[in-house]
Amino acid sequence: MGNIAPALLEDLRKVLGETGLIEAAFAGPADSEGWIARPASTEEVAATMKLCHDAGQPVIPIGGRTGLVQALSRTGHELGLSLERMRAVEEIDPTSRTMTVQAGVPLQIAQEIAEEHGLMFPLDLGARGTATIGGNIATNAGGNRVLRWGMTRDMVIALEAVLADGTILPLQGKALKNNTGYDLKHLLIGSEGTLGIVTRAILRVRPKPKSENCAFVAIPNFETLTKFLSYMEGQSSGSLSSFEVLWSDYYEFITGDMTPHNPPIAYGQAYYVLVETMGADPKKDATDFEELLGEAFEQELIADAVIAKSESERHALWHIRDDVLQLWQLSPLFTFDVSLAIAQMDNYTSEIKRRFDETFDNPQVMIFGHLGDGNLHVIVAPGDKGLDTHHMVEEIIYDAIRSRNGSVSAEHGIGLEKKGYLSYSRNADEIALMRKIKQAFDPKGILNPGKIFDVD
Ligand SMILES: Cc1cc2nc3c(=O)[nH]c(=O)nc-3n(C[C@H](O)[C@H](O)[C@H](O)COP(=O)(O)OP(=O)(O)OC[C@H]3O[C@@H](n4cnc5c(N)ncnc54)[C@H](O)[C@@H]3O)c2cc1C
């Protein structure tokens, strides 16, 4: 692929200015330095892409760098294009319930500004402080509240994007409905920077809930766990916003000696659930929530429960769920993000645990996830991190997913990391059609090359 041509760097500097083109750490501490363009407007993004297109220069769009599938890793001498200088929240429209933002706005800033206006942007995930709206859109991020408000795809009304050749696809209107031909924004959402650069978006915001109730509950077995989910969905009048499950191994690790968290509920059960409702009547919702859990206890759907009684207790319970970076203490480890039908989860987790026990000496397998969405995160610390080991672990995880018609990526995407397993969840015709779409958007193949699949 070669180094970036000096003449192109000179032209880019003319468009972007001295601070708009820097040499810096590229994707993370493990990655070497590379050239990164930092455009400050959509027009600068378009001018950058036009120059790169004319020169055949590959480009990797960069958001908050919190992605988990090596989608920012270089395969050659790509130019990084960071949206870090496009961080404006341009407008909040409470009447239309929309928020217009530039792609570099961190998710948490979008959430906080919506809240200041009595609104809520419901996308939420552990990396909220750093991940950007552009990155969320490019990965179709899921997170903690998909059960009620869907994935990022469900929260984007319109997009502005710059294509590989510098063409700007303009931001359309704020109306939720727009059935005028193919909905191109949905191709860009989840495309991991391979089809275009998201520069601005109109997001759908909701009225801010007036109440949030949350609890940790303990459940003895999987059958009861699924009954409790159905019970909460059926009895909470649409207010159920999260149903996050921690398998006992993970619960005992995250609240054990190696972390700052104390167990809110005693050990001894098979599953621990962080359950949350959001509503509009604080007093009544708190009573209803307590009564719901009381009734669940009577019906033997839960064995134990602790309800957060204050904002700080609520944060402490959520921190237990969100503090996944503690897992790095178990390194070397491999992380997975799979989805499958809820009814198949129990036999899936039993099968992979059995196969890990048969294959490795004393492997550690931790499981947690957004169970209501059919999404499991599986963390495997097999004892060593050789290339063969990684491959063996992947085969066990993904074989069992393929045979159950599940997905090798529920919400993190494919990047480089899962490229070899795309065919486990998509057939040859689907992948061929994806290649044609890539060809139509980016004929020279300069946008995030080598990610998701190879282009012939
Ligand atoms: C602690 C932690 C918890 C997490 N929890 C969740 C979770 O619950 N759910 C979930 O879905 N993910 C989760 N993630 C993964 C990650 O936060 C999301 O994938 C997030 O959406 C990535 O956003 P980013 O801005 O960091 O993107 P980056 O990591 O910078 O980029 C990710 C991909 O998007 C592309 N991209 C970035 N910006 C643009 C743009 N403007 N235009 C076009 N392409 C672009 C990049 O090229 C790359 O392919 C978690 C990560 C961490 C570290």
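Residues numbered from 1 in each chain as written. Predicted model: local features only at pLDDT ≥ 70, side-chain atom pairs only at ≥ 80, totals over all residues.

### Some details on the site of the ligand
Phase 1: The environment of the ligand is formed by 35 residues, the closest being Gly-63, Gly-67, Gly-134, Gly-135 and Gly-193.
Phase 2: Contributing elements (two or more residues each) for the shell around the ligand: β3 (59-62), α4 (133-139) and β10 (197-204).
Phase 3: Each residue belonging to the shell around the ligand can be placed in one class, and the counts come to 17 nonpolar, 15 polar and three charged. (Near = placed C-beta within 6 Å. Helix = DSSP H or I, 4+ residues; strand = E, 2+ residues; numbered from the N terminus. Nonpolar A, V, L, I, M, F, W, Y, C, P; charged D, E, K, R; others polar.)

### Regarding the domain arrangement of the protein
Phase 1: Domain assignment breaks the protein into domain 1 (6-82), domain 2 (89-207), domain 3 (211-324) and domain 4 (331-412).
Phase 2: Taking the mean C-alpha position of each, domain 1 and domain 3 sit 44 Å from one another. (Domains from an automatic or database assignment.)

### Brief notes about helix α2 (residues 42-55)
Phase 1: Between its terminal C-alpha atoms α2 stretches 20 Å, which fits the 20 Å expected from 14 residues at 1.5 Å a residue.
Phase 2: Within α2, ten of the 14 residues are buried, which leaves the element mostly enclosed by the surrounding structure.
Phase 3: Restricting attention to buried positions, one finds in α2 the residues Thr-42, Glu-44, Val-45, Ala-46, Ala-47, Thr-48, Met-49, Leu-51, Cys-52 and His-53.
Phase 4: Where α2 ends, the next residue or the one after it, Gly-56, has phi of about 65°, a positive value. (Expected span 1.5 Å × (residues − 1). Buried ≥ 20, exposed ≤ 12 C-beta atoms within 10 Å, placed from the backbone.)

### What about unusual backbone geometry?
Phase 1: Of note, the bond from Ser-331 into Pro-332 is cis; its omega dihedral lies within 30 degrees of zero at 0°.
Phase 2: Within the secondary structure layout, Pro-332 lies in the loop between α10 (311-322) and β16 (334-339).
Phase 3: Phi is positive for Arg-65, close to 65°, though the residue is something other than glycine.
Phase 4: Look at Arg-65 and you get buried, because 20 C-beta atoms sit within 10 Å.
Phase 5: For Arg-97, which is not glycine, the phi dihedral falls at a positive 55°.
Phase 6: Tracing the backbone through its elements, the reader meets Arg-97 in the loop between β5 (89-93) and β6 (98-102).
Phase 7: Taking the C-beta count within 10 Å as the criterion, Arg-97 has 17 such neighbours and is therefore assigned partly exposed.

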